[in-house]
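Residue-level listing of the chains:
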Amino acid sequence: MSSSLINKVLVRQFGAIKPPWIDKETFYKLIFNFCDRWCERCKLSRICRLYQKEKEREKRFIKQGIDPKSTKAMFLSICESLEEAKRLLENDMKRFKIKITEEDYKKFEADEERKDRLVKNNRLTQIATKLSYSLVKLVEDIHYYFLEEEIPEEIKGSLEILTYYMHFFSVKIRRAVFSEIEEGEMKYEDITFDSKNSAFLSYVAIVKIINALENINNSKKIHFKIKQKVKKIIPLFYHLNAVLKERFKFGNFFNIYPATP
Ligand code: SF4
């Protein structure tokens, strides 16, 4: 695939996106592990088990008189998912005769806290969080600027993309760093390369963010002060992606976005 084609795919494809190092069989079996959860835009929702399950749940909520978009529905869904995960884990523990003592539990908790601290103090996580706040602020500024008038059609899509991904990319980077720590403490055969997959999803989101920012920057209807802010953060996102490619070793697959524009 030529780099311009890859470029178009990364910018236009939403929902599930196959990392180049994941084989087709694994990808199609577990697509919900390789997606941005933008289900309305996902072309593979018809084969996604998670999506089907969520639709069934929505129908059930409507029958029970619960608004599926409400906070109540959100908490009920989280509860159901956690209950199911607990049940599956308990079944497996019985099957493999695994017992967890109070001491094991405390050790696990302490270990999770240690890893959380490492993630929080990690430079990459901190930079991603700062950039995430910059995007939030920028989107707020644009909405404020167009408070009295309709947002121009030419930037509506870009704003929607920024709003969707402004937290997503940093959450995925956080997860990539967390998994990187875990993988460093695991046996090689147990590693699932979650860090690389999470970093890839963040990378794709950043490609879309850069594209959206460039589109906003090209709009004649945006105030020059907002453009100045946009111009300032675009290179930071380019740089962030260059770091992700290098650190999580998928540089060989993508040479489309250089370190600086
Ligand atoms: S339909 Fe499934 S694969 Fe697609 S975005 Fe939603 S959860 Fe992900």
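Before any of the text, the structure's been laid out above.
Read on for an overview of the structure. (Residues numbered from 1 in each chain as written. Predicted model: local features only at pLDDT ≥ 70, side-chain atom pairs only at ≥ 80, totals over all residues.)

Across its full length, the protein holds nine helices and zero strands. Counting from the amino terminus, helix and strand elements in the protein follow one another as α-α-α-α-α-α-α-α-α. When its C-alpha atoms are laid out on the principal axes, the protein stretches across 65 × 50 × 40 Å. When the 261 residues of the protein are sorted by exposure, 23% land in the buried category. Long-range pairs, those at least 24 residues apart, make up 65% of the contacts in the protein with a sequence separation of at least 6. (Helix = DSSP H or I, 4+ residues; strand = E, 2+ residues; numbered from the N terminus. Buried ≥ 20, exposed ≤ 12 C-beta atoms within 10 Å, placed from the backbone. Contact = placed C-beta atoms within 7 Å.)

Taken together, 14 residues lie near the ligand, and C35, C39, C42, C48 and Y51 sit nearest. Here the residues of the shell around the ligand sort into eleven nonpolar, two polar and one charged. (Near = placed C-beta within 6 Å. Nonpolar A, V, L, I, M, F, W, Y, C, P; charged D, E, K, R; others polar.)

This part is about helix α3 (residues 49-63). With 15 residues, α3 ought to run about 21 Å at 1.5 Å a step, and its terminal C-alpha atoms sit 21 Å apart, in line with that. Two residues or fewer past α3, G65 is found with a positive phi of approximately 80°. (Expected span 1.5 Å × (residues − 1).)

Time to look at the environment of E54. Mapped onto the elements of the fold, E54 is located in helix α3. With 14 residues separating them along the chain, E54 and P68 place their C-alpha atoms 9.8 Å apart.

So, on to unusual backbone geometry. Trans is the prevailing form of peptide bonds, just as negative phi is the prevailing case for residues other than glycine. Positive phi values are uncommon outside glycine, yet R37 reaches one of about 65°. Summarising the element assignment, R37 is placed in the loop between α2 (24-29) and α3. What makes R37 partly exposed here is the crowd of 14 C-beta atoms within 10 Å. Its identity is not glycine, yet K97 carries a phi of approximately 55°, on the positive side. Summarising the element assignment, K97 is placed in the loop between α4 (71-95) and α5 (102-120). With 6 C-beta atoms packed within 10 Å, K97 lands in the exposed category.

This part covers the nonpolar core. One finds Y165, F169, A205, I206 and I209 to be the most contacted residues of the largest nonpolar core, which totals 43 residues. Elements represented by at least two residues in this core include exactly α6 (123-145), α7 (153-184), α8 (194-218) and α9 (224-247). Composition of this core by domain shows at least three residues from each of domain 1 (22-99) and domain 2 (102-261). Setting aside chain neighbours within four positions, we find Y165 in contact with A205, K208 and I209. (Core = buried A, V, L, I, M, F, W, Y, C linked by C-beta atoms within 7 Å. Domains from an automatic or database assignment.)

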